[in-house]
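# Structure assessment
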Amino acid sequence: MGTLIGARRLVVKIGSALLVDRATGTLQREWLESLAADVARLRAAGTQVILVSSGSIALGRGVLGMPAGALALEQSQAAAAVGQIRLARAYEEVLAPHGIVTAQVLVTLEDSENRRRYLNSRATMETLLSLGVTPIVNENDTVATDEIRYGDNDRLAAQVAVTVGADKLVLLSDVDGFYDDNPYLNPNATHFPIIDHITPEIEAMAGDGVSGVSKGGMITKLMAARVATDGGCDMAITLGAPLHPLQLLENGARATWFLAMEDPQAARKRWIGAMKPKGEVMIDAGAVVALEQGRSLLPAGVTLVTGRFGRGDPVAIVGPTGNRIGIGLTRYTVDETHMIRGHRSAQIEVVLGYKGRAAFIHRDDMVL
């Protein structure tokens, strides 16, 4: 049975309709304050929380007095530019009384499709979380065009969950889960509390969108569930409109849980292990021992470099006798690796002329 209890890292997706009153274009402050209280309670219990929030365009168009209905791309970008600063301020204001520091992280689809930018995003998020910050993630609607948009924050939230290795993802929705038919049109529609495998039959039930209210409908939620569960993350769909929606979910509110078959780290390791190396790095005996103890690979342990690879590319890790030990995603290009191999991490800035990362391959990006 899915639950938030004991979650290590949680991603919560919040739609525009929950945050912004459609009639007035103003923030629904009471609801947001209740969500902030939920976040504070989860953090106190040891759960790291990332919020993926819509709302910038809805807030901005209200401030600018734009009419209802579809907006041209440049109008949406202008509304987002005005709304983003208000959205960030709102989250800061409701979370600060709980002693929570917030950070705004704006992304586009390219940030996940380009490996270098993906690693940068992941490193930034990891650093924020390690510092106790709650990231507020949104699609960068001020610059995103149709070609580089996620298109729906369900998909964005699932990608964020996989990127940060979350074990739980919650989509706060206008429907309390997945049904075999539209529950607004068919009162006899069957609700699914648990889905442990997304079959073609389940996909067919989603149709063109069960909820009919949110932008993406149920199809996009099902796509998000596939991304999340393939990445080792359980995902829930539950009603977001009531006050304290996360507390209600933790207390057993009606929802559908899509269950992952393995944990996020195992899924990530499986993904890395299936990659084709673009080069090889030979390491010394001391580095072999360090890796066997679960440590990262430092530049000091690298003795030889072959191949052509960029930052974020997979490279084979070879021991001093030529035996292949594993594979990992490098944090340096091949040219940089040639320069820093054999050097201590403290010497990297002197060698390269700029600050680098202490690890050549981080332990989370390595499969032995």
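None of the values given here were measured: they were computed from a predicted structure.

Criteria and thresholds
- Residues numbered from 1 in each chain as written.
- Predicted model: local features only at pLDDT ≥ 70, side-chain atom pairs only at ≥ 80, totals over all residues.
- Heavy atoms only, no water.
- Buried < 20%, exposed > 50% of the residue type's maximum accessible area, 1.4 Å probe, protein only.
- Helix = DSSP H or I, 4+ residues; strand = E, 2+ residues; numbered from the N terminus.
- Arc of directions from axis to C-beta.
- Contact = heavy atoms within 4.5 Å.
- Core = buried A, V, L, I, M, F, W, Y, C linked by side-chain atoms within 4.5 Å.
- UniProt positions renumbered as here; feature names shortened; annotations may be inferred.
- Pairing = 2+ DSSP bridges.
- Axes fitted to C-alpha atoms, helices over the stretch in contact; angles between N-to-C directions.
- Parallel < 35°, antiparallel > 145°, perpendicular 65-115°, else oblique.
- Nonpolar A, V, L, I, M, F, W, Y, C, P; charged D, E, K, R; others polar.
- Expected span 1.5 Å × (residues − 1).

Attention shifts here to helix H11 (residues 264-273). Along H11, the residues classified as buried are Pro 264, Ala 267, Arg 268 and Ile 272. For H11, the angular spread of the buried residues around the axis is 135 degrees, confining them to a single face.

Tracing the backbone through its elements, the reader meets Thr 330 in the loop between strand E14 (324-329) and helix H13 (334-340). Leave out the neighbours within four places in its chain, and Thr 330 touches Leu 119, Phe 309, Gly 310, Arg 311, Gly 312, Asp 313, Val 315, Phe 360 and Ile 361.

A word on the nonpolar core. Judged by nonpolar contacts, the single largest core of 37 residues is most densely connected at Val 11, Val 137, Val 160, Leu 169, Phe 178, Met 235 and Phe 258. The element that contributes the greatest number of residues to this core is helix H7 (residues 153-164), accounting for six residues. Formed by 31 residues, the second largest nonpolar core is a distinct cluster that contains Ile 14, Leu 42, Leu 87 and Leu 95.

Quick look at the UniProt feature "domain: PUA" (unreviewed entry) in the chain now. Using the residue numbers shown here, the UniProt feature "domain: PUA" (unreviewed entry) corresponds to residues 279-361. Measuring from the first to the last C-alpha atom of residues 279-361 gives 13 Å, for a span that is 24% helix and 27% strand.

Moving on, we come to the sheet that holds strand E3 (residues 102-107). Reading across the sheet, the eight strands line up as E3-E4-E2-E1-E5-E9-E10-E8 and stay open at both edges, with mixed pairing between neighbours. Of all the strands in the sheet, the pair left with one neighbour each is E3 and strand E8 (194-195). Direction of pairing for strand E9 (residues 234-239) relative to strand E10 (residues 255-258): antiparallel, over a ladder of four bridges. When the bridges of E10 are listed, Ala 236 appears paired with Trp 257.

Bringing the packing of helix H3 (residues 56-64) against helix H4 (residues 73-95) into the picture now. For the pair H3 and H4, the least separation of the axes is 6 Å and the interaxial angle reads 100 degrees. Relative to H4, H3 is oriented roughly perpendicular. Of the residues in H4, those in contact with Ser 56, Ile 57, Leu 59, Gly 60, Arg 61, Val 63 and Leu 64 of H3 are Ser 76, Ala 78, Ala 79, Ala 80, Val 82, Gly 83, Gln 84, Arg 86 and Leu 87. Here the residues of the contact of H3 with H4 are counted per class, giving nine nonpolar, five polar and two charged.

Counted at 1.5 Å a residue, the expected span for H7 with its 12 residues is 16 Å, and the 16 Å between its end C-alpha atoms agrees. With nine of 12 residues buried, H7 is to be regarded as a mostly interior element. Regarding H7, the residues found buried are Asn 153, Asp 154, Leu 156, Ala 157, Ala 158, Val 160, Ala 161, Thr 163 and Val 164.

The five strands are arranged E12-E11-E13-E14-E15 in an open sheet whose pairing can be described as mixed. The strands lining the two open edges of the sheet, one partner per strand, are strand E12 (302-307) and strand E15 (366-367). Alignment of strand E11 (residues 279-283) against strand E13 (residues 314-318), held across three bridges, turns out to be parallel. Note on E13: the bridge partner recorded for Val 281 is Ile 317. Taken strand by strand, helix H12 (residues 285-292) contacts E11, E13, E14 and E15, and its axis lies near 100 degrees from that of E11.

Moving on, we come to the packing of H7 against helix H9 (residues 217-230). Look at H7 against H9: their axes get within 8 Å of each other, and the N-to-C directions meet at 10 degrees. For the element pair H7 / H9, the angle class is roughly parallel. Across the interface between the two elements, Asp 154, Arg 155, Ala 158, Gln 159 and Val 162 of H7 pack against Gly 217, Thr 220, Lys 221, Ala 224, Val 227 and Ala 228 of H9. A per-class count over the contact of H7 with H9 returns five nonpolar, three polar and three charged.

Judged by how many residues are buried, strand E2 (residues 48-53) sits mostly within the fold: five of six residues are covered. Relative to E2, strand E1 (residues 9-14) is paired through six bridges, and the arrangement is parallel. Paired with Val 11 across the strands is Ile 50, a residue of E2. Sheet analysis places E2 next to strand E4 (residues 134-139), joined by two bridges and oriented parallel.

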